[in-house]
Amino acid sequence: TEYGLNLTLGYKNVIKNTNIKVNYTRVANRTYNTPDPSEKYIYKNLPIGHNLGNNFWETSVTLSYRMENKLIADLSAVYREYGDEALYSPFNSDFVKFPAGEYKEAFPFGSVNKQSGMALRIFYQLNTKMLINAKTSFWLEQGNLEEDFNYFVGVGYRM
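What comes next is a walk through the structure. (Residues numbered from 1 in each chain as written. Predicted model: local features only at pLDDT ≥ 70, side-chain atom pairs only at ≥ 80, totals over all residues. Heavy atoms only, no water.)

## What about the overall build of the chain?
Along the chain, the regular secondary structure elements total zero helices and nine strands. Its C-alpha radius of gyration of 19 Å places the chain more than 25% over the 15 Å reference for a compact globule of 159 residues. Reported as C-alpha extents along the three principal axes, the dimensions of the chain are approximately 60 × 35 × 30 Å. Carbon and sulfur atoms provide 58% of the accessible area of the chain, an area that totals close to 11000 Å². Of the charged side chains in the chain, 17 are positive and 16 negative; the average position of the first set lies 12 Å away from that of the second. (Helix = DSSP H or I, 4+ residues; strand = E, 2+ residues; numbered from the N terminus. Rg over C-alpha atoms; globule rule 2.2 N^0.38 Å. Areas by Shrake-Rupley, 256 points an atom, 1.4 Å probe, with all protein chains shown as cover. Lys, Arg positive; Asp, Glu negative; His and termini not counted. Charge placed at Lys NZ, Arg CZ, Asp CG, Glu CD.)

## A word on the pattern of salt bridges
Considering all chains together, one arrives at three salt bridges under this definition. The shortest N-O distance in the salt bridge between Arg 66 and Asp 74 comes to 3.6 Å. Under the relative-accessibility criterion, Arg 66 is labelled partly exposed at 34%. Take Asp 74: its relative accessible area is 5%, and that puts it in the buried class. Two residues, Asp 74 and Arg 121, come together in a salt bridge whose shortest N-O distance is 2.6 Å. Placement of Asp 74 in strand β6 (residues 71–82) and of Arg 121 in strand β7 (residues 113–125) is noted, with a sequence separation of 47 residues between them. For Arg 121, a relative accessible area of 33% gives the class partly exposed. Members of the salt-bridge network, linked through shared partners, are Arg 66, Asp 74 and Arg 121. (Salt bridge = Lys/Arg side-chain N within 4 Å of Asp/Glu carboxyl O. Buried < 20%, exposed > 50% of the residue type's maximum accessible area, 1.4 Å probe, protein only.)

## Some details on a nonpolar patch on the surface
Where nonpolar side chains cluster on the molecular surface, the patch consists of Tyr 11, Val 14, Ile 15, Ile 20, Val 22, Val 61, Leu 63, Leu 75, Met 118, Leu 120 and Ile 122 and spans about 910 Å² of accessible area. For the nonpolar patch, the elements supplying multiple residues, two or more each, are β1 (4–15), β2 (18–27), β5 (56–67) and β7. In this structure Val 61 comes out as partly exposed when scored by relative accessible area, which is 39%. (Patch = residues over 30% accessible without salt bridge, like charges linked within 9 Å, V, L, I, M, F, W, Y side chains within 5 Å.)

## Some thoughts on the layout of surface pockets
Reported here for the largest pocket is a volume of approximately 690 Å³. At the level of secondary structure, the elements contributing two or more residues to the lining of the largest pocket comprise β1, β2, β5, β6, β7, β8 (130–142) and β9 (149–157). Class assignment for the residues of the lining of the largest pocket results in eight nonpolar, 15 polar and seven charged. Volume-wise, the second largest pocket comes out at about 300 Å³. For the lining of the second largest pocket, the residue count by class is nine nonpolar, seven polar and three charged. (1 Å grid on protein atoms, 1.4 Å probe; cavity = no way out; pocket = protein on both sides within 12 Å on 5 of 7 lines; lining within 4 Å. Points joined across faces, edges and corners; volume = space filled by probe spheres on them. Nonpolar A, V, L, I, M, F, W, Y, C, P; charged D, E, K, R; others polar.)

## Topic: the environment of Asn 113
Of note, Asn 113 is situated in strand β7. Owing to a relative accessible area of 22%, Asn 113 belongs among the partly exposed residues under this scheme. C-alpha of Asn 113 to C-alpha of Phe 149: the two residues are 36 residues apart in sequence and 17 Å apart in space. Among residues more than four places away in sequence, those in contact with Asn 113 are Arg 80, Glu 81, Tyr 82, Gly 143 and Asn 144. (Contact = heavy atoms within 4.5 Å.)

## Remarks on the pairing of β9
Inspection of the sheet shows β8 paired to β9 by nine bridges, in the antiparallel sense. In the strand pairing of β9, Phe 138 is matched with Phe 149. In this antiparallel pair of consecutive strands, β8 and β9, the connection spans six residues, and Gly 143 shows a positive phi of 55°. (Pairing = 2+ DSSP bridges.)

## Some remarks on the side chain of Ser 137
Note that Ser 137 resides in strand β8. Polar contacts involving the side chain of Ser 137 include one to the side chain of Trp 139, which spans 3.2 Å. Setting aside residues up to four positions removed in sequence, Ser 137 forms contacts with Met 118, Ala 119, Asp 148, Phe 149 and Asn 150. (Polar contact = N/O pair within 3.5 Å; in protein donor to acceptor, adjacent residues only side chain to side chain.)

Dropping the structure here:
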């Protein structure tokens, strides 16, 4: 099964300047994958398609607030399940042992990790040249992350 699905439904201005969206994403473990390493869909050693690679499904609900063009804040509740890394490991060829149409494969494939939690992202544009962004997340189920609380702060400057 080689496919990816991304479905998003949303509603604008639930409250002034506030939007809500629900997203479901599923990328099968054979999507972007092939037995020939030179044909894998990888660019600059990153998978083409989704930042989580393949072999996962995820659902999220996001509440977004936008204040003019200065501030953007997103609060998301996320649940995801992902299996063994598929793009950078040897291609699974179990299916060749079965007659056409008889092979069944678990999804996600391999050992399954589960993550559920909340994430808050804030982007603030100081002026036309400078942007500050921050992200924090707290995972009730952290999958293979070492910590349940994560944070990031960045500054961008346009030349």
